[in-house]
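Okay, here's what each chain looks like letter by letter:
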Amino acid sequence: MIGKKWLPALSALVIAAGITTGGGAAFAKEKHKDILNVSHRGASGHAPEHTLVSYDMGEKMHGDYIEVDLQMTKDGQLIAMHDETVDRTTDGTGYVKDMTLADIKALDAGSWFNEKNPAYANEEYVGLQVPTLEEVFQKFGKNNSYYIETKSPTIYPGMEKELLRLVNKYNINKDKLLVQSFSADSLKIMHGLDPSVKLVQLMSYGSNATITDEQIAQIKAYAMGIGPNHTYLNEAYIQKVVNNGLEIHPYTVNDKERMSQLIEWGVTGMFTNFPDLLHEVKKGK
Ligand code: G3P
Ligand code: CA
């Protein structure tokens, strides 16, 4: 028979065993609910990327964050667009940096999608406009969750300052704001301007992903997480990043099996063109 004095120790043992066995599975199961579902360029598998319609659809499909890529016009306006040129996602041609906002607003940012994706085509996409960041903030409000990328920051000096000006102008909730970039310099500028803005360092691997302790320490000096392309990730990499206190949000994951695998490996979120699929995967865990 176990004496009373041993009961607390026994309870602790039972709890510890639970965490490493059945309890651990339950804990991990709960954790899946926290995986950030980032609508990449909006629900861009379903609708033309970086349009208000695509962002809206992302929300309706249970995306937690609206992902916005930024380019800057000749007259200094931040617009939502992935490429430096308008060629791929509008009916126009040319570099954003050489065009005014009025030039950009004259373009059709929806028809290309219908031509490229007949299965998802919708007449309502014809004639959609490229939104400014201001219009995104106006439509989705200060308490929404935004995951904003400074694209091509060397082409657009001062874009970080303008981004921060708009964040402050629209009183965007900084607890729900993430700023991302492939450029460490751009993130460090943002960190210098306002250390309270949470940052994510994007990374691109062309083969098996590895990360050193030194790299992790360098990134942790300004960022709270990393965003690597998912293709070459492995469990050890993800575990190393997470165990060192960084978030990890791989891009761009559009396949349910891969979503599930990455969740099992310990990612804390991911970018997807199909937030509806990630929602289903999370529900099924
Ligand atoms: O921002 C995450 C991911 O979007 C990075 O790649 O080229 O789609 O902006 P890209
Ligand atoms: Ca992006």
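Above this text sits the structure in question.
Residues numbered from 1 in each chain as written. Chains lettered and ligands numbered in written order. Predicted model: local features only at pLDDT ≥ 70, side-chain atom pairs only at ≥ 80, totals over all residues. Heavy atoms only, no water.

Notes on the overall build of the chain
So, step 1. Within the chain, the regular secondary structure consists of 12 helices and nine strands.
So, step 2. Taking all 285 residues of the chain together, 51% fall into the buried category.
So, step 3. Summarising the internal contacts of the chain: among those between residues at least 6 apart in sequence, 57% fall at separations of at least 24.
So, step 4. Of the roughly 13500 Å² of accessible surface on the chain, 54% is carried by carbon and sulfur atoms. (Helix = DSSP H or I, 4+ residues; strand = E, 2+ residues; numbered from the N terminus. Buried < 20%, exposed > 50% of the residue type's maximum accessible area, 1.4 Å probe, protein only. Contact = heavy atoms within 4.5 Å. Areas by Shrake-Rupley, 256 points an atom, 1.4 Å probe, with all protein chains shown as cover.)

Some words on the site of ligand 1
So, step 1. Near ligand 1 the following residues occur: H40, R41, E67, D69, H82, E149, K151, Q180, F182, L202, Y251 and F271.
So, step 2. H40 is positioned with one of its side-chain polar atoms (N or O) 2.7 Å from an oxygen atom of ligand 1.
So, step 3. At 2.7 Å, a side-chain N or O of K151 approaches an oxygen atom of ligand 1.
So, step 4. Against a free-state accessible area of 280 Å², the protein chains account for coverage of 91% of ligand 1. (Near = heavy atom within 4 Å. Polar contact = N/O pair within 3.5 Å; in protein donor to acceptor, adjacent residues only side chain to side chain.)

As for the pairing of strand 5 (residues 177–181)
Residues in a regular strand project their side chains so that they alternate between the two faces of the sheet.
So, step 1. Burial within strand 5 is extensive, with five of its five residues counted as buried.
So, step 2. Two elements, strand 4 (residues 146–150) and strand 5, share four bridges in a ladder whose sense is parallel. Looking at the pairing, E149 lines up with Q180 of strand 5.
So, step 3. Inspection of the sheet shows strand 5 paired to strand 6 (residues 198–203) by four bridges, in the parallel sense. From the neighbouring strand, L178 faces strand 6, where its bridge partner is K198.
So, step 4. In this fold, the crossover linking strand 5 to strand 6 by way of helix 8 (residues 184–193) has right-handed handedness. (Pairing = 2+ DSSP bridges. Right-handed = clockwise from strand over helix to strand, strands pointing away.)

Focus on the pattern of salt bridges
So, step 1. Applying the stated criterion to the full structure yields 15 salt bridges.
So, step 2. Residue D83 is joined to R88 by a salt bridge in which the shortest nitrogen-to-oxygen separation is 2.8 Å.
So, step 3. Take D83: its relative accessible area is 16%, and that puts it in the buried class.
So, step 4. Among the residues examined, R88 registers a relative accessible area of 33% and is labelled partly exposed.
So, step 5. Each of R41, E49, D69, D83 and R88 takes part in salt bridges that share partners, so that together they form one network. (Salt bridge = Lys/Arg side-chain N within 4 Å of Asp/Glu carboxyl O.)

A word on the packing of aromatic side chains
Aromatic rings in a pair are described by how distant their centres are and how their planes are angled relative to each other.
So, step 1. As enumerated under the stated definition, the model contains 11 aromatic pairs in all.
So, step 2. Ring centres 6.3 Å apart and planes at 75° place the aromatic pair Y55 and F140 in the edge-to-face group. With Y55 in helix 3 (residues 52–60) and F140 in helix 6 (residues 133–140), this pair connects stretches of sequence that are 85 residues apart. Pair check on accessibility: Y55 and F140 agree, each one buried.
So, step 3. Clustering of aromatic rings is evident, with ring pairs tying together Y65, Y147, F182, Y251 and F271.
So, step 4. We note K139 situated over the ring of F140; from NZ or CZ to the ring centre the distance is 5.5 Å. (Phe/Tyr/Trp six-rings, centres within 6.5 Å; stacked < 30°, edge-to-face > 60°. Lys NZ or Arg CZ within 6 Å of the ring centre and 35° of its normal.)

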